Amino acid sequence: MNFDKVYECVEKGMMGQEEFTSFFDRIPLLEKALREIEEEVTLQYPPVFFEPALTIIRYPSSTFSGAAIYAACKLMEYQGELQPCVVFSVPFVILSREEVLRACVAHEFLHYVYITKTLSKGNYMDLAGERLDSIEVHQAYDDTHTVPPSEWFRSVELVRLVEKVFSPNIDDPELEAAIQEKWIDKGLPVRYTTAEEAKVKVSITEIQRIRLDRHVLERLTP
């Protein structure tokens, strides 16, 4: 796990000691969820990073529509190479219920497998897809850029949990209310972006630097 951005955020005074402590108090739950996935798939979970700012996507089709990004699979600089990594939102780690956190950890692994498969085939444009001008189009994009949980998880309970929590995205009014009250209203860091900016982007000049997990690739080979 890479905590660099969390420490940097605290050092700059953008996040207080209360949030910092609450975040690290929740790390054991996250570690438990990561271990669960590793045991399910007998593979190592991808590198994990954290984004201190709550990321909210704004859509051009509506001035008033937006959606918080709780986690994402992205190409990140890791150990001198570009690798598909999972990035979790700090406020999500702090405020989500354990079952939602578990489901999110599992869901992002499925995105990781999809991205690994797509990159291995050189289908870079598949990751770009169509323009995501509305939340509905973005949800459809997210739902198709993954692999079926039943093909990777042995536990029926875990498969059902992922399907329950993601329909196709997290719909948790309790979590949304908590993030509004305990993060946004307190003036803690929020970053606005677009769905286009949030996509996985592959620069032609950096293709040779991308490292994919060979164990996942072996599992993907028929």
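Counting restarts for each chain: residues are numbered from 1 in the order of the written sequence. pLDDT decides what is reported in this predicted model: residues at 70 or higher carry local features, side-chain atom pairs at 80 or more are listed and counted, and totals for whole chains, interfaces and linings draw on all residues regardless. Side-chain numbers here rest on the full set of heavy atoms in the structure, without hydrogens or water.

Please give an account of the overall build of the protein chain that cites residues and values.
Within the protein chain, the regular secondary structure consists of 10 helices and 6 strands. Within the protein chain, the fraction of its 222 residues that count as buried is 48%. Relative to all contacts within the protein chain whose residues are 6 or more apart in sequence, the contacts with residues 24 or more apart total 76%. Numbering goes from the N terminus for both helices and strands, where a helix is a DSSP run of H or I of at least four residues and a strand is a run of E of at least two. Relative accessibility under 20% of the residue-type maximum defines a buried residue, over 50% an exposed one, and the middle range a partly exposed one, all with a 1.4 Å probe and only protein chains included. Throughout, a contact is declared for two residues whenever any of their heavy atoms are within 4.5 Å.

I'd like a description of the sheet that holds strand β5 (residues 81-89), backed by residues and values.
DSSP calls a pair of strands paired once it identifies at least 2 bridges connecting them. Read across the sheet, 3 strands follow the order β1-β5-β4 without closing on themselves; strand pairing throughout is mixed. Edge positions in the sheet fall to β1 (48-51) and β4 (71-78), since each has one partner strand and no second. Adjacent strand axes in the sheet meet at a mean angle of 45° when their direction is disregarded. Direction of pairing for β1 relative to β5: parallel, over a ladder of 4 bridges. Among the inter-strand pairings, F50 is bridged to a residue of β5, identified as F88. Note on definitions: angles span 0 to 180 degrees between N-to-C directions of axes, and those axes are lines fitted to C-alpha atoms, for helices only across the stretch in contact.

Break down the packing of aromatic side chains for me, with residues and values.
What counts as a ring pair is set by centres within 6.5 Å for rings of Phe, Tyr and Trp (its six-membered ring), and what kind of pair is set by the plane angle: stacked under 30 degrees, edge-to-face over 60, tilted for all other angles. Within the structure shown, the criterion is met by 15 aromatic pairs. Their ring planes at 75° and their centres at 6.1 Å tell us that F3 and F23 sit as a pair that is edge-to-face. Separated by 20 residues along the polypeptide, F3 in the segment before α1 (4-11) and F23 in helix α2 (residues 17-41) bring together distant segments of the chain. On the basis of an interplanar angle of 50° and a centroid distance of 6.0 Å, the ring pair of Y7 and F20 is categorised as tilted. Within this pair, whereas Y7 is found in helix α1, its partner F20 is found in helix α2, the two being separated by 13 residues in sequence. Look at Y7 and you get partly exposed, because its relative accessible area is 38%.

Account for the environment of R58, naming residues and giving values.
Among the structural elements, R58 can be located in strand β2 (residues 54-58). Between the C-alpha atoms of R58 and Y192, which are 134 residues apart in sequence, the distance is 6.9 Å.

I'd love a proper account of the packing of helix α4 (residues 98-120) against helix α7 (residues 156-165), names of residues and values included.
Running from N to C, α4 and α7 point in directions that differ by 95°, and their axes come no closer than 9 Å. Looking at the two axes, α4 sits roughly perpendicular to α7. Touching E99, V100, R102, A103, A106, H107 and L110 of α4 are E157, L158, L161, V162, K164 and V165, all from α7. The labels follow the angle: roughly parallel below 35 degrees, roughly antiparallel above 145, roughly perpendicular from 65 to 115, and oblique for the rest.

Help me get a handle on the pattern of salt bridges, residues and values and all.
Here, a salt bridge means any side-chain nitrogen of Lys or Arg that lies within 4 Å of a carboxyl oxygen of Asp or Glu. Under the definition given, this model contains 13 salt bridges. For R209, the salt bridge is made with E77, and the minimal N-O distance between the two is 2.5 Å. Of this pair, R209 sits in the loop between α9 (195-198) and α10 (214-220) while E77 sits in strand β4; the two residues are 132 residues apart in sequence, bridging distant segments of the chain. Judged by relative accessible area, E77 falls into the partly exposed class, the value being 44%. Between K164 and E99 there is a salt bridge, with its nearest N and O atoms 3.5 Å apart. Placement of the pair is K164 in helix α7 and E99 in helix α4, with a sequence separation of 65 residues. For K164, a relative accessible area of 56% translates into the label exposed.

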